[in-house]
Amino acid sequence: MSDLRGPLLALLDAHAESPRLVSQEVESFRRLRTFVKSTERCFERQHLAGHVTGSAWILDARDAHVVLLHHKKLGLWLQPGGHADGDPDVFRVALKEAEEETGLFDLAPIHQGIFDVDVHAIPARPAKGSRGAEPAHFHYDVRFAFRAPEGASLTVSDESHAVRWVAREDVPRFTRDASVRRMHAKWSSGLCGATN
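Residues numbered from 1 in each chain as written. Predicted model: local features only at pLDDT ≥ 70, side-chain atom pairs only at ≥ 80, totals over all residues. Heavy atoms only, no water.

(A) Broad picture of the overall build of the protein chain. Regarding its fold elements, the protein chain presents five helices and eight strands. Secondary structure elements in the protein chain, listed N-terminal to C-terminal, are α-α-β-β-β-β-α-β-β-β-β-α-α. For a compact globule of 196 residues, the expected C-alpha radius of gyration is about 16 Å, and the protein chain comes in at 16 Å, within 12% of that figure. Overall, the C-alpha framework of the protein chain stretches about 45 × 40 × 30 Å when taken along its three principal axes. Across the 196 residues that make up the protein chain, the buried fraction comes to 49%. Looking at the protein chain alone, contacts between residues at least 24 apart form 72% of all its contacts between residues at least 6 apart. One way to put it: in the protein chain the 25 positive side-chain charges average out to a point 5 Å from where the 27 negative ones average out. (Helix = DSSP H or I, 4+ residues; strand = E, 2+ residues; numbered from the N terminus. Rg over C-alpha atoms; globule rule 2.2 N^0.38 Å. Buried < 20%, exposed > 50% of the residue type's maximum accessible area, 1.4 Å probe, protein only. Contact = heavy atoms within 4.5 Å. Lys, Arg positive; Asp, Glu negative; His and termini not counted. Charge placed at Lys NZ, Arg CZ, Asp CG, Glu CD.)

(B) Helix H5 (residues 178-188), seen in detail. Among all positions in H5, only Ser-179, Val-180, Arg-182, Met-183, His-184, Lys-186 and Trp-187 are buried. Check the buried side of H5 and you find it contacts strand E1 (50-59), strand E2 (65-71), strand E3 (77-78), strand E6 (116-122), strand E7 (137-147) and helix H4 (171-174). Looking at the residues trailing H5, positive phi occurs at Gly-190, about 90 degrees.

(C) Main features of the nonpolar core. Ranked by internal contacts, the top residues of the largest apolar core, which has 31 residues, are Leu-8, Leu-12, Leu-32, Val-36, Val-52, Ile-58 and Val-142. Of all the elements in the fold, those that place two or more residues in this core are helix H1 (6-16), helix H2 (26-38), E1, E2, helix H3 (90-102), E6 and E7. Setting aside anything within four residues of it in sequence, one finds Val-36 in contact with Arg-5, Leu-8, Leu-9, Cys-42 and Val-52. Of all hydrophobic cores here, the second largest spans 18 residues; its members include Leu-68, Leu-76, Phe-115 and Val-166. (Core = buried A, V, L, I, M, F, W, Y, C linked by side-chain atoms within 4.5 Å.)

(D) Quick look at the side chain of Asp-141. As for its placement among the helices and strands, Asp-141 is situated in strand E7. For Asp-141, a relative accessible area of 2% gives the class buried. Among the polar contacts made by the side chain of Asp-141, one reaches the side chain of Thr-53 at a distance of 2.7 Å. Within polar-contact distance, the side chain of Asp-141 engages the side chain of Gln-79 at 3.4 Å. Other than its neighbours up to four places away in sequence, Asp-141 contacts Leu-32, Thr-53, Gly-54, Ser-55, Gln-79, Asp-116, Val-117, Asp-118 and His-120. (Polar contact = N/O pair within 3.5 Å; in protein donor to acceptor, adjacent residues only side chain to side chain.)

(E) Highlighting the packing of H1 against H2. Following both chains from N to C, one finds H1 and H2 inclined at 155 degrees, their axes separated by 10 Å at the closest point. Considering their axes alone, H1 and H2 lie roughly antiparallel with respect to each other. Of the two elements, H1 crosses H2, and the hand of that crossing is left-handed. Facing Leu-8, Leu-9, Leu-12, Asp-13, His-15 and Ala-16 of H1, the residues of H2 in contact are Phe-29, Leu-32, Arg-33, Val-36 and Lys-37. (Axes fitted to C-alpha atoms, helices over the stretch in contact; angles between N-to-C directions. Parallel < 35°, antiparallel > 145°, perpendicular 65-115°, else oblique. Left-handed = near helix turned anticlockwise from the far one by under 90°.)

Quick look at the structure:
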């Protein structure tokens, strides 16, 4: 097995023992771990069947709001995140994507380790301009929780229609994505701040 996968597998093993791994997430966790273990090119976007991505669940300094963005390609309110593009440090990927997609900097990890994982299908896209067609594939998404500094303001990127701070009680009406609702439930039940 490639040494590049070792750190992510270690993070996944730690997540398996964490109270943050909830029953609704277990099937995604199993699929993601199997994929990483069996796929040497798991971090490469060119692995067309699927690839590892990194995402960020970002809370404000008062633990009252989370960042959601309205994704242009998917048409959903989601957490910031994106492709590893060959980088096996998925924490670094999540942080970089968070900064690029929200304009937030000085984000602090809320706890060590993974907050959530999800495996989801990405629909095929036809060729457009200089970009070739993209077949349907899977994103094996690894999510980390961060806290933004007091007074942090958002900047929308060209990958989103909008980005905003969403109050805890408003998250369920903003998104129909089951995994975002799951992360909201973890946050609301105190698992976002769990230290294990």
